[in-house]
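The lines below spell out each chain.
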Amino acid sequence: MLLHFTKMHGLSNDFMVVDLVTQRARLDTERIQQLANRHLGIGFDQLLLVEPPRDPEMDFRYRIFNADGHEVENCGNGARCFARFVRGAGLTHKREIRVETQAGPLTLRVEEDERVRVNMGVPRFAPEAVPFDAPTDAPTHTLEVDDARWEIGVVSMGNPHAVLVVDDVDSAPVARLGPLIERHVRFPRRVNVGFLQVVSRHEARLRVFERGSGETLACGTGACAAVATGIRRGLFESPVDVHLPGGTLTVEWPTEDAPMVMIGPATSVFEGRIALP
Ligand SMILES: N[C@H](CCC[C@H](N)C(=O)O)C(=O)O
């Protein structure tokens, strides 16, 4: 069978988007790994599946798979691409779109300028919500990695994030520390790892070593995690512009019990078809 897909990106975090409302396909872990391969397949950081909702209150079901083929709870850059995809594909004409994810409901709003505003929900710091092995939800935790002790912020944006503050993201040990923290024993479901440089109270630079995909050029939930842990550590005030290698996201979090809002672009690159056995 021929599977139709659209290649998209959010600040260079790239996705294969598949409409499973009007198509049928079974994509198992091995097949997703093959499709993610940048030499032998299509190549992407994540696969996004558009499915009919199970909850009648929702417009769509939004499923996310990392390049390693495993399904995950949330993807912020993907949510923006999802919103623009379903409108571009004529699956909805709404500007405010409600989607169900593994992490719960998300509200996506396509603005007049085609940027997308995503209500990312309330960040959760309780260790059991991440999950993370720690006695309390303190603003920072000490993690022993590579014979050194690192102070990290830990938060769930639906998916797990650990955030380290560094002096300069350009020289941060992303390639060395990223994989070690991603698979650290205290994170039973692994973790996304953010390397955060504080520029001012309203500005940050960030690189993210993503769980299941490696370093990406942008990470939406990572930007939210950096702001959430940063505000809790007294480093930022809302709103915060987060500069990632692929571009800038604006993150708003007016009070600790309020939902976090992320605003940014979403871009379609090409449409394609690929033969599946
Ligand atoms: N690697 C993430 C999923 C994709 C998140 C990222 N691409 C974003 O924009 O939020 C995880 O395993 O939780």
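In every chain, residue numbers begin from 1 and rise along the written sequence. For this predicted model, a pLDDT threshold of at least 70 governs which residues receive local features, and a threshold of 80 or more governs which side-chain atom pairs are given and counted, while totals over whole chains, interfaces and linings are taken from all residues. Side-chain metrics rest on all non-hydrogen atoms present in the structure, leaving aside hydrogens and water.

In the nomenclature of an unreviewed UniProt entry, the protein corresponds to Diaminopimelate epimerase from the organism Chromohalobacter sarecensis. Under the Subunit (unreviewed entry) heading, UniProt states for the protein: "Homodimer." UniProt positions are given in the numbering used here, feature names are shortened, and annotations may be inferred rather than shown by experiment. The annotation that UniProt attaches to the protein under Catalytic activity (unreviewed entry) is "(2S,6S)-2,6-diaminopimelate = meso-2,6-diaminopimelate".

Participant: Talk me through the overall build of the protein; I want residue IDs and the actual numbers.
Facilitator: Working definition: helices are DSSP H or I runs of at least four residues, strands are E runs of at least two. Numbering for both runs from the N terminus. Counting secondary structure elements, the protein contains four helices and 18 strands. Here the globule rule reads 2.2 Å times residues to the power 0.38, and the radius of gyration is calculated from C-alpha atoms. For the protein, the C-alpha radius of gyration of 18 Å lies close to 19 Å, the compact-globule estimate for 277 residues. Reported as C-alpha extents along the three principal axes, the dimensions of the protein are approximately 50 × 40 × 30 Å. Exposure categories follow from relative accessible area, calculated using a 1.4 Å probe and restricted to protein chains: below 20% of the type maximum is buried, above 50% is exposed, and the middle band is partly exposed. Taking all 277 residues of the protein together, the buried fraction comes to 54%. Throughout, a residue-residue contact means that at least one pair of heavy atoms, one from each residue, lies within 4.5 Å. The long-range share in the protein, meaning contacts at least 24 apart out of those at least 6 apart in sequence, stands at 62%. Entry remark: accessible area of the protein is about 11800 Å², with carbon and sulfur atoms responsible for 48%. Residues scored as positive are Lys and Arg, those scored as negative are Asp and Glu, and His as well as the terminal groups of each chain are ignored. Charged side chains are reduced to one point each, which is NZ for Lys, CZ for Arg, CG for Asp and CD for Glu. Here the protein holds 31 positive side-chain charges and 38 negative ones, and the gap between their average locations is 4 Å. Here the accessible surface of atoms and residues is derived via Shrake-Rupley with a 1.4 Å probe, and residues count as covered only by protein chains that are part of the display.

Participant: Summarise the state of the cysteines; cite the residues concerned and give the values.
Facilitator: Note that a disulfide, as used here, is simply two cysteine sulfur atoms within 2.5 Å. This structure, assessed with the given rule, holds zero disulfides. Here Cys-75 stays free of any disulfide, with the sulfur of Cys-219 as its closest cysteine sulfur at 7.1 Å. Overall, Cys-219 belongs to the buried group, its relative accessible area being 3%.

Participant: I'd love a proper account of the site of the ligand, names of residues and values included.
Facilitator: When we say a residue is near a molecule or strand, we mean one of its heavy atoms is within 4 Å of it. The environment of the ligand is formed by 15 residues, the closest being Gly-76, Glu-210, Arg-211, Gly-220 and Thr-221. In the analysis that follows, any N or O atom pair within 3.5 Å is treated as a polar contact, provided that within protein one partner can donate a hydrogen and the other can accept it, and provided that, for residues neighboring in sequence, both atoms belong to side chains. Residue Asn-192 places a side-chain N or O atom 2.9 Å away from an oxygen atom belonging to the ligand. Here an oxygen atom of the ligand and a side-chain polar atom of Arg-211 are 2.8 Å apart. Listed by contribution, the elements that provide at least two residues to the shell around the ligand are helix 2 (76–88) and helix 4 (220–232).

Participant: Pulling in residues and values, what's your account of helix 2?
Facilitator: The length a helix should cover is 1.5 Å for every residue beyond the first. Taking 1.5 Å of rise per residue, 13 residues should cover 18 Å, and helix 2 covers 19 Å from first to last C-alpha, within 8% of that figure. Within helix 2, 10 of the 13 residues are buried, which leaves it mostly tucked inside the rest of the structure. Taken residue by residue, helix 2 has Gly-76, Asn-77, Gly-78, Ala-79, Arg-80, Cys-81, Phe-82, Ala-83, Phe-85 and Val-86 as its buried positions. Downstream of helix 2 by a residue or two, Gly-90 has a phi angle that is positive, lying close to 75°.

Participant: Requested: an account of the environment of Met-1, with residues and values cited.
Facilitator: Turning to its location among the elements, Met-1 is positioned in the segment before strand 1 (2–10). The class of Met-1 is partly exposed, set by a relative accessible area of 46%. Sequence-distant contacts of Met-1, that is, excluding residues within four places in its chain, are made with Arg-24, Ala-25, Ile-274, Ala-275 and Leu-276.

Participant: Residue-level account of the UniProt feature "site: Important for dimerization" (unreviewed entry) in the protein, with values.
Facilitator: Under the UniProt annotation, the feature "site: Important for dimerization" (unreviewed entry) is placed at Phe-270. Considering the arrangement of structural elements, one finds Phe-270 in strand 18 (residues 267–275). Beyond its immediate chain neighbours, meaning those up to four positions away, Phe-270 contacts Phe-5, Thr-6 and Lys-7.

Participant: How would you sum up helix 1 (residues 29–36)? Please name residues and give values.
Facilitator: Along helix 1, the residues that are buried comprise Ile-32, Leu-35 and Ala-36. Seen end-on, helix 1 carries its buried residues on one side only, within an arc spanning 100°. Turning to helix 1, the residues buried within the fold contact strand 2 (13–19), strand 3 (46–51), strand 4 (60–66) and strand 18. As used here, the arc belongs to the directions running from the helix axis to the C-beta atoms.

Participant: Give me the lowdown on the UniProt feature "binding site: substrate" (unreviewed entry) in the protein, citing residues and values where you can.
Facilitator: Under the UniProt annotation, the feature "binding site: substrate" (unreviewed entry) is placed at Asn-13, Gln-46, Asn-66, Gly-76, Asn-77, Asn-159, Asn-192, Glu-210, Arg-211, Gly-220 and Thr-221. As for its placement among the helices and strands, Gly-76 is situated in helix 2. With relative accessibility at 1%, the residue Gly-76 sits in the buried group. Among residues more than four places away in sequence, those in contact with Gly-76 are Met-120, Gly-220, Thr-221 and Met-262. Along the polypeptide, Asn-159 turns up in the loop between strand 10 (148–156) and strand 11 (160–165). Apart from the residues within four sequence positions on either side, Asn-159 is in contact with Glu-73, Asn-74, Asn-192, Arg-211 and Thr-221.

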